[in-house]
Amino acid sequence: MSVHMLPAAPGNCQVCATKHDPSQPHNAHSFPYGMWFQLEYGRDPTWADAVAHCTEEVAMQWKEQLKRIGRWTEPKDGKPIATVDKSGGVPVMRKLKNMEPVTVSMRKGKKDE
Ligand SMILES: [Zn+2]
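Let us look at the structure shown here.

Reading the values: rules and limits
- Residues numbered from 1 in each chain as written.
- Predicted model: local features only at pLDDT ≥ 70, side-chain atom pairs only at ≥ 80, totals over all residues.
- Helix = DSSP H or I, 4+ residues; strand = E, 2+ residues; numbered from the N terminus.
- Buried ≥ 20, exposed ≤ 12 C-beta atoms within 10 Å, placed from the backbone.
- Contact = placed C-beta atoms within 7 Å.
- Core = buried A, V, L, I, M, F, W, Y, C linked by C-beta atoms within 7 Å.
- Expected span 1.5 Å × (residues − 1).

Describing the overall build of the protein chain
Thought 1: Helix and strand counts for the protein chain come out as three helices and two strands.
Thought 2: For the protein chain, the α and β elements follow one another from N to C terminus as α-α-α-β-β.
Thought 3: Per-residue burial for the protein chain yields a buried fraction of 26% across its 113 residues.
Thought 4: Restricting the contact set of the protein chain to residue pairs at least 6 apart, pairs at least 24 apart contribute 58%.

Below you can see the structure in the form of structure tokens.
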């Protein structure tokens, strides 16, 4: 199946079509992100996926804030999928070229440095 979506506006994150700093989470509720993620991975993105590309510090801040308001979500299998916009905000047709989704595991507990 080949699905193409219109590119996001220039300067916006090409993953979630929302304007945010690359170091910050994707908008987990963004329609383009949700649709692409569903087609790619067969499930909806969660907040754990949306923050998975962030530094541990940024991810933890968002996790704490979202948990506080009861909105934190994570995948049932416990394996968030990080997605990075490598286009530098340049509009591209999805499937995005130069964008390799990376699977990472959320570290739990103490830092291991
Ligand atoms: Zn984004």
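Back to the write-up after that little detour.
Considering unusual backbone geometry
Thought 1: Positive phi, close to 60°, is recorded for Ala17, a residue that is not glycine.
Thought 2: Locating Ala17 in the fold gives a position in the segment before helix H1 (31-41).
Thought 3: Judged by C-beta crowding, with 22 C-beta atoms within 10 Å, Ala17 ranks as buried.

A look at the environment of Thr55
Thought 1: Within the fold, Thr55 resides in the loop between helix H2 (47-50) and helix H3 (56-68).
Thought 2: Measuring from C-alpha to C-alpha, the distance between Thr55 and Pro25 comes to 9.8 Å, with 30 residues separating the pair along the chain.

What about the nonpolar core?
Thought 1: Ala28, Trp47, Ala48, Ala50, Val51, Ala52, Cys54, Ala59 and Ile81 together form the largest nonpolar core, which totals nine residues.
Thought 2: Element by element, the count of residues in this core is highest for H2, at three residues.
Thought 3: One finds Ala8, Cys13, Tyr33 and Phe37 within the second-largest nonpolar core, a separate group that totals eight residues.

Some words on H3
Residues lying three or four places apart along an α-helix face the same way, a consequence of the helix completing one turn every 3.6 residues.
Thought 1: With 13 residues, H3 should reach 18 Å at 1.5 Å per residue; the first-to-last C-alpha distance of 18 Å fits that figure.
Thought 2: Counting buried positions along H3 yields one of 13 residues, so the element is predominantly exposed.
Thought 3: Gly70, located one to two residues past H3, shows a positive phi value of around 70°.

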